[in-house]
Amino acid sequence: MPNQPSPYISKRSLAQRQTSKIEGQRGRLEDLPEITLTSVRVEALATQLATDVKGTISAGKEATVFHALWYDFPLALKVYRLYATPHAKGGKRKKMGGGKVGYSKDIMSYWASREFWILDRVFRAGVKVPTPARHIDNMFTARFLGENGTPAPLLKDVQIEHPKRIFNSIIDQIFAIYRVFIIHGDLSAFNILYFQNEPWIIDFPQAIDFASRPNRHRALKKGRPILLRDITNIVKFFEKYGIPAEAQALCDECMEQISFNDRLDKKTFVR
Ligand SMILES: Nc1ncnc2c1ncn2[C@@H]1O[C@H](COP(=O)(O)OP(=O)(O)O)[C@@H](O)[C@H]1O
Ligand SMILES: [Mg+2]
């Protein structure tokens, strides 16, 4: 399974940690070429993230998702590439020698690692998310949701047969995510896959993780507008199926799971 650490990785990572000084800036800027299927395949195989990378599923703003294999086992491989976005180091592209674009691999690795570990936490909390497999640098793998290399459709693109059940399941999952002090932050029918007649939540880079904050119970309370936005997106989406729901009330109910007066981590969950 892909969870075996590879001795190769630490050597390579060490080499990458050499600090360079570019345009008077301190930081680890590297001149890496644009991510292509071939370059990702080379990297994924070398780091033992996958045994093959079959093709691109989606190229989003900050990351590209590939269909990969670990022997016969299909994986989704998400590769962060921030250099073409405002997140790029310095807030804009930095031209380097040979027309390449410089960026901090650390930042991309941070985002990949953050999404991977949030995925891991919500997976362990019993939420229906693709099982996280392994994370290395700016890439991570998770269970591929789909059949024969074709990814499962997004919730927005399917006609749901039992909308009430699916709606309840999504709300239950929002509640479960909240119980581990996380709010998705970008939840909508665009970030839910419909697979085996169930909703699967994906895409957590915008998640807010209150778990390690001091006095996280109180910090979590400040996340209400974001939680409400997530719930409202879902409630609005299901309006077309005639499902009546009150986003404000659901948001309150979700927040009541955790007692904000409790400064200690007692078992304060009511669900
Ligand atoms: N585990 C997965 N299995 C199958 N397809 C996936 C998986 N994760 C992501 N995808 C596909 O890749 C697309 C982009 O993934 P997502 O995590 O939402 O990144 P982005 O930030 O680009 O929106 C999704 O809309 C979905 O079609
Ligand atoms: Mg998405």
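Residues numbered from 1 in each chain as written. Chains lettered and ligands numbered in written order. Predicted model: local features only at pLDDT ≥ 70, side-chain atom pairs only at ≥ 80, totals over all residues.

Undergrad: Is there a simple way to explain the overall build of the protein in this structure?
TA: The secondary structure content of the protein amounts to seven helices and 16 strands. Across the 271 residues that make up the protein, the buried fraction comes to 32%. Pairs at least 24 apart in sequence give 60% of the contacts found in the protein among residues at least 6 apart. (Helix = DSSP H or I, 4+ residues; strand = E, 2+ residues; numbered from the N terminus. Buried ≥ 20, exposed ≤ 12 C-beta atoms within 10 Å, placed from the backbone. Contact = placed C-beta atoms within 7 Å.)

Undergrad: Sorry if this is basic, but what is going on with helix α3 (residues 105–124) here?
TA: Working note: α-helix, 3.6 residues per turn, so residues spaced by three or four point in the same direction. With 20 residues, α3 extends 28 Å from end C-alpha to end C-alpha; this agrees with the ideal 28 Å at 1.5 Å per step. By the burial criterion, the buried members of α3 are K105, M108, A112, E115, F116, I118, L119, R121 and V122. Note on α3: the residue one or two positions beyond its end, G126, has a positive phi of about 90°. (Expected span 1.5 Å × (residues − 1).)

Undergrad: Just checking my understanding: could you explain helix α6 (residues 224–239) for this structure?
TA: Taking 1.5 Å of rise per residue, 16 residues should cover 22 Å, and α6 covers 22 Å from first to last C-alpha, within 8% of that figure. All of the buried residues in α6 are L227, D230, I231, I234, V235, F237 and F238. Down the axis of α6, the sector holding all buried residues measures 165°, keeping them to one side. The exposed residues of α6 that point more than 90 degrees off its buried face are P225 and E239. Buried residues along α6 sit in contact with α4 (163–179), β13 (182–183) and α7 (247–255). (Arc of directions from axis to C-beta.)

Undergrad: Would you take a moment to explain the sheet that holds strand β10 (residues 139–143) for this structure?
TA: Strands in a sheet are paired, the pairing made by backbone hydrogen bonds, and the direction either parallel or antiparallel. Read across the open sheet, the five strands follow the order β4-β5-β6-β10-β9; overall the sheet is antiparallel. With partners counted over all chains shown, the strands left at the sheet margins are β4 (52–59) and β9 (132–136), one partner each. Ignoring strand direction, the axes of neighbouring strands in this sheet form an average angle of 25°. Sheet contacts for helix α2 (residues 37–46): β4, β5 (63–70), β6 (73–80) and β10; angle to β4, the most-contacted strand, approximately 130°. Running at roughly 160° to β9, α3 makes contact with β6, β9 and β10 of the sheet. (Pairing = 2+ DSSP bridges. Axes fitted to C-alpha atoms, helices over the stretch in contact; angles between N-to-C directions.)

Undergrad: It is not clear to me how the nonpolar core should be interpreted in this structure. Could you clarify?
TA: Across soluble globular proteins, nonpolar side chains have a tendency to be buried as a group. By size, the foremost hydrophobic cluster in this structure holds 56 residues, and its most contacted members are A44, A50, L75, L77, V79 and M139. Sequence-distant contacts of A50, that is, excluding residues within four places in its chain, are made with A44, L45, A68, L69, W70, L75, L77 and T141. (Core = buried A, V, L, I, M, F, W, Y, C linked by C-beta atoms within 7 Å.)

Undergrad: Would you explain the packing of α4 against α6 in this entry?
TA: For any two helices packed against each other, one specifies the inter-axial angle together with the distance between the axes. Their axes nearest at 11 Å, the elements α4 and α6 cross at an angle of 175°. Comparing their axes, α6 and α4 come out roughly antiparallel. Across the interface between the two elements, P163, F167, I170, I171, I174 and Y178 of α4 pack against L227, D230, I231, I234 and F238 of α6. Of the residues that constitute the contact of α4 with α6, the class distribution is ten nonpolar, no polar and one charged. (Parallel < 35°, antiparallel > 145°, perpendicular 65-115°, else oblique. Nonpolar A, V, L, I, M, F, W, Y, C, P; charged D, E, K, R; others polar.)

Undergrad: Before we go on, may I ask you to explain the site of ligand 1 in this structure?
TA: G60, A76, P130, P151 and D203 are the nearest of the 19 residues found near ligand 1. Looking at the shell around ligand 1, the elements that each hand over two or more residues are β4, β5 and β10. The class makeup of the residues in the shell around ligand 1 is twelve nonpolar, four polar and three charged. Shared between two domains, the shell around ligand 1 takes at least three residues from each, and those domains are domain 1 (29–144) and domain 2 (152–255). (Near = placed C-beta within 6 Å. Domains from an automatic or database assignment.)

Undergrad: How do you make sense of the environment of I202 when you look at a structure like this?
TA: Mapped onto the elements of the fold, I202 is located in the loop between β15 (198–201) and β16 (208–209). Sequence separation between I202 and P130 is 72 residues; the distance between their C-alpha atoms is 7.2 Å. Beyond its immediate sequence surroundings of up to four residues, I202 is in contact with V129, P130, N191 and L193.

Undergrad: Honestly, the pairing of strand β14 (residues 192–195) in this entry has me stumped. Any pointers?
TA: A regular strand places its side chains on the two faces of the sheet in alternate fashion. As defined by bridge partners, β14 adjoins β15 across four bridges and the pair is classed as antiparallel. Within the sheet, the bridge partner assigned to F195 lies in β15 and is E198. Connecting the antiparallel pair β14 and β15 is a turn made up of two residues, with Q196 showing a positive phi of about 50°.

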